[in-house]
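Breakdown of the fold
Spelled out, the chains give:
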Amino acid sequence: MPAKAIEKQEVAAVEYWRGVARELAETPHRQRGAAIERAAQTAGVSKKTAYRHLKAFANWKSERKRRADAGKTRQPDESLMAVAAMLNEDKRENGKEMLTIQIAMSIAERSGYTVNVGQSQIAKLLKRRQLDRESLAHAQTYTRMRSRHPNHVHLADPSLCVVYYAGGRLRLMREKQFYKNKLEQFKKIQFRVWRYVLTDHYSGTITVKYYEAAGETQ
């Protein structure tokens, strides 16, 4: 088909759907569905395609009001949590999942939980609230901390060093001398050396100090 003919068809399509859009603007909301269906039949397209052409050629929107209860569900949270818990615990060590959503719903209902929506809706709710198997498998087990200024939050980590004091001298705890079968060697230690590492959460500054103590509480 020549380019000019194609261009004329496109212009005609734009004019047609813009005319339909003007007509819809004057049509009561409840009657717009029938009007769009008539326009689709005239153009020889489906109703779904008619909506697409109206948006593409005339920038038309249905202006359908959002339902007041949109995003809400009559499914109790405790029932949803019970289903999610069963699905999450079902996963075996080899990765196989034997329990289906439908079976979990049935078990929950027999256990006294209220299940008043269908399987597909339960699946959507689990996905939306990140309670499905995939979301729980990749869930983060930590929480980011926020500090307001230096010295607001400190993180301290003590560790027992391999050096110790005995007989007034600093010595090294060698593996051949100190192990579980030679506990009497530990009695010779007068003071143990502890290393404390303190990190300022805000600035990342690290401070290290060493202390000698006869035990963990001294």
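In what follows, the accompanying structure is described. (Residues numbered from 1 in each chain as written. Predicted model: local features only at pLDDT ≥ 70, side-chain atom pairs only at ≥ 80, totals over all residues. Heavy atoms only, no water.)

1. Observations concerning a nonpolar patch on the surface
Nonpolar side chains collect at one region of the surface, where Ile206, Val208 and Tyr210 lie side by side and expose about 320 Å² of accessible area between them. What makes Ile206 exposed here is its relative accessible area of 55%. (Patch = residues over 30% accessible without salt bridge, like charges linked within 9 Å, V, L, I, M, F, W, Y side chains within 5 Å. Areas by Shrake-Rupley, 256 points an atom, 1.4 Å probe, with all protein chains shown as cover. Salt bridge = Lys/Arg side-chain N within 4 Å of Asp/Glu carboxyl O. Buried < 20%, exposed > 50% of the residue type's maximum accessible area, 1.4 Å probe, protein only.)

2. Quick word on the pattern of salt bridges
According to the stated counting rule, one finds three salt bridges in the structure shown. Across the pair Lys127 and Asp132 runs a salt bridge, and its minimum N-O distance is 3.8 Å. Using a relative accessible area of 47% as the deciding quantity, one classes Lys127 as partly exposed. Within this structure, Lys127, Asp132 and Glu134 form a network of salt bridges that share partners.

3. As for the packing of aromatic side chains
Tallied over the full model, the rule gives one aromatic pair. On the numbers, 5.0 Å between centres and 80° between planes, the contact of Tyr16 with Trp17 is edge-to-face. You can call Trp17 buried: its relative accessible area is 3%. (Phe/Tyr/Trp six-rings, centres within 6.5 Å; stacked < 30°, edge-to-face > 60°.)

4. Re unusual backbone geometry
Of note, the phi angle at Gln130 is positive, near 60°, even though the residue is not glycine. A relative accessible area of 57% places Gln130 in the exposed class.

5. Things to note about the packing of helix H5 (residues 101-110) against helix H6 (residues 119-128)
The geometry of H5 relative to H6 is characterised by a closest axis approach of 10 Å and an angle of 95° between their N-to-C directions. Classified by the interaxial angle, the pair formed by H5 and H6 is roughly perpendicular. For the pair H5 and H6, contact is made by Ile101, Gln102 and Met105 and by Gln119, Ile122, Ala123 and Leu126, respectively. When grouped by side-chain class, the residues that make up the contact of H5 with H6 number five nonpolar, two polar and no charged. (Axes fitted to C-alpha atoms, helices over the stretch in contact; angles between N-to-C directions. Helix = DSSP H or I, 4+ residues; strand = E, 2+ residues; numbered from the N terminus. Parallel < 35°, antiparallel > 145°, perpendicular 65-115°, else oblique. Contact = heavy atoms within 4.5 Å. Nonpolar A, V, L, I, M, F, W, Y, C, P; charged D, E, K, R; others polar.)

6. What about the packing of helix H2 (residues 32-43) against helix H3 (residues 47-58)?
Where H2 contacts H3, the two axes come as close as 9 Å, and the packing angle between them is 95°. Relative to H3, the element H2 lies roughly perpendicular. Here H2 contributes Gly33, Ile36, Glu37 and Ala40 to the contact with H3, which in turn contributes Lys47, Ala50, Tyr51 and Leu54. For the contact of H2 with H3, the per-class residue count stands at five nonpolar, one polar and two charged.

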